[in-house]
Amino acid sequence: MHIDWTALGTVFVVALAAVAVVTGLFAVGVRGVAARADARESGGTGTAGAVTAGVCFAACAAVVLYGIYLIVAA
């Protein structure tokens, strides 16, 4: 049995980067929802917060679905 350490390291680095990106996007999305709620309480529309949250959550979903696609297609 031979372990390809370069490939294993590459997978580790890519997975670590993906986790950081998805976590960051999700955090920004939650902040967008909170900004919308704050704007609504103060009489505003909160459109920017809603759009930010929607884009971030959609990007998170896209990354997760792409990962599932890679697993299933392999």
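Parameters at a glance
Residues numbered from 1 in each chain as written. Predicted model: local features only at pLDDT ≥ 70, side-chain atom pairs only at ≥ 80, totals over all residues. Heavy atoms only, no water. Axes fitted to C-alpha atoms, helices over the stretch in contact; angles between N-to-C directions. Helix = DSSP H or I, 4+ residues; strand = E, 2+ residues; numbered from the N terminus. Parallel < 35°, antiparallel > 145°, perpendicular 65-115°, else oblique. Left-handed = near helix turned anticlockwise from the far one by under 90°. Contact = heavy atoms within 4.5 Å. Nonpolar A, V, L, I, M, F, W, Y, C, P; charged D, E, K, R; others polar. 1 Å grid on protein atoms, 1.4 Å probe; cavity = no way out; pocket = protein on both sides within 12 Å on 5 of 7 lines; lining within 4 Å. Points joined across faces, edges and corners; volume = space filled by probe spheres on them.

(A) Broad picture of the packing of helix α1 (residues 5-41) against helix α2 (residues 47-73). Contact geometry of α1 with α2 gives a least axis separation of 7 Å together with a crossing angle of 155°. Considering their axes alone, α1 and α2 lie roughly antiparallel with respect to each other. Considering only the axes of α1 and α2, their crossing is left-handed. Of the residues in α2, those touching α1 at V22, L25, F26, V28, G29, V30, G32, V33 and R36 are G49, A50, T52, A53, C56, F57, A59, C60 and V63. The residue inventory of the contact of α1 with α2, partitioned by class, reads 13 nonpolar, 4 polar and 1 charged.

(B) Broad picture of the layout of surface pockets. Considering only enclosed or pocket space, the largest pocket measures out at about 160 Å³ in volume. Contributing to the lining of the largest pocket are V14, A15, A18, V19, V22, V63, Y66, G67 and L70. At the level of elements, α1 and α2 are the ones that each hand at least two residues to the lining of the largest pocket. If you tally residues by element for the lining of the largest pocket, the top one is α1, at 5 residues. Classifying every residue of the lining of the largest pocket by side-chain character gives 8 nonpolar, 1 polar and no charged.

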